[in-house]
Structure formats: C-alpha cells, structure tokens
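Residues per chain, in single letters:
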Amino acid sequence: VFVYVYNSLDQRYSTRIAQTDSAGQYTATGLYYGQYYLYFDVRDSVHVDEYYDNAQEMPLAKPVKVAIDTVVSGIDAQLAKGSSVTGRVTNTQGEGLPRVMVNGYSSLTDEYPNATTTTDNSGYYTLTSLAAGAYFIKFTPGFYDYNTEYARQYYNDKTHRRVANVVTVAANSVVPNINAVLK
C-alpha cells in the first residue's frame, strides 16, 4: 500500500510518499509542522483506496496534525473490500466495442475517476474497487487509438455528466448490466 501525504495548504500534490512493509507499517518522514491528509492507495482490484479516516474524498478526510519535533502514531487504515460495476459497450448493430475506456466518477466530485478500466475484445468491462456510493459512468471510445467513429457518452445514453444517470453501488456488491450503445 502506498501512503500519500498531502499538505492541507496545497492539496494538489503529495508532500511525501511512504509504502507499507509486509506487516502493514509505514513511516512518512521529513514533515514540517502543520496539518496533512493521508491517502492509502492499495493498488489492487479487491480493496477500496481511502483517505484517513475512512473518507473517499479529501474534503471529508480527517486531517492529521503534526507538531514540531514529534512523532505521530496510530494513523491507520483498514481498507474495505470494493464493489464492482459490470456491463457491455456495443455499437447500434449490437457488436461489442473493444478498447473503450470506462470511468467511474463519484457523484460528490468531478475531479478524477475513482475507477478506470477498458473493454475487452467483446466489449465487456468490470470497474472494480469501488466504495459504496453513487457514480457517473463515462464511456470514451478511441481513447487509446484516437481513431473512432463513435461519440463518448455517460450512462444511460447521456452526453454530459450534468444530465447523466447515477449508478448506485452498495457495499461489497456487483452492479450488473450498466451497458452502453455508442453512436
């Protein structure tokens, strides 16, 4: 697990990066006094990444206060198993479309996708490691080869996130049949 440390004054870039050892321990050194947000990035397709303390978005995270010449301990995370969204992307003739990028964005923010994958050769996809919540699902054809006749869209045949349908995901579940027909 990678642990990203963000200064509360400049939240765009991590100040430090630490990595857990085989026992799950980590140390982030060289921090000045102040407040920090910690992001636990598990990098697998089973668990959900999170900010300290069980938050999915930085504005909801609990800041960690660091004083001069002190060691802060007990800033731990128990990463939950993630949920999945599955579906198929086809054209209007019902043919599966390969290499379509599929992103899941939290309905609470529009910054970065919470999950990303690509359709297989038959157009099927699985978005993994999602926390319980509401998501906008975006389908972007031609992302990898830039040569496509299809337009990007959000689920359920919507052209923009402002009007897109939200997909609700329960904890430790699979939401099937979030399909798209690209035109």
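As the structure is a prediction and not an experimental result, all values here were calculated from the model.

Of regular secondary structure, the chain possesses 0 helices and 14 strands. Here the C-alpha coordinates of the chain stretch approximately 65 × 30 × 30 Å along the principal axes. Split into buried and exposed, the 183 residues of the chain put 38% on the buried side. Of the contacts formed within the chain by residues at least 6 apart in sequence, a portion of 60% connects residues at least 24 apart.

Within the element layout of this structure, Q153 appears in strand β11 (residues 153-154). What makes Q153 buried here is its relative accessible area of 7%. The residues contacting Q153, other than those within four sequence positions of it, are I137, K138, F139, K158, A180, V181 and L182.

Put simply, side chains in a regular strand alternate between the two faces of the sheet. The pairing of strand β1 (residues 2-7) with strand β2 (residues 10-19) spans 6 bridges and is classified as antiparallel. Residue pairing across strands places V5 opposite R16, the latter belonging to β2. Taking the residues that link successive antiparallel strands as the turn, the β1-β2 hairpin has 2 residues.

The next thing to look at is unusual backbone geometry. For the peptide bond that leads from Y52 to D53, omega is 10°, which places it in the cis range. Counting through the fold element by element, D53 comes out in the loop between β4 (50-51) and β5 (64-66). For the peptide bond that leads from Y155 to N156, omega is 10°, which places it in the cis range. Mapped onto the elements, N156 comes out in the loop between β11 and β12 (167-169). Of note in this structure, R43 is not a glycine but carries a positive phi near 55°. With respect to the helices, strands and loops of the structure, R43 is situated in the loop between β3 (34-41) and β4. Despite not being glycine, S129 has its phi angle at roughly 60°, a positive value.

About the thresholds
- Residues numbered from 1 in each chain as written.
- Predicted model: local features only at pLDDT ≥ 70, side-chain atom pairs only at ≥ 80, totals over all residues.
- Heavy atoms only, no water.
- Helix = DSSP H or I, 4+ residues; strand = E, 2+ residues; numbered from the N terminus.
- Buried < 20%, exposed > 50% of the residue type's maximum accessible area, 1.4 Å probe, protein only.
- Contact = heavy atoms within 4.5 Å.
- Pairing = 2+ DSSP bridges.

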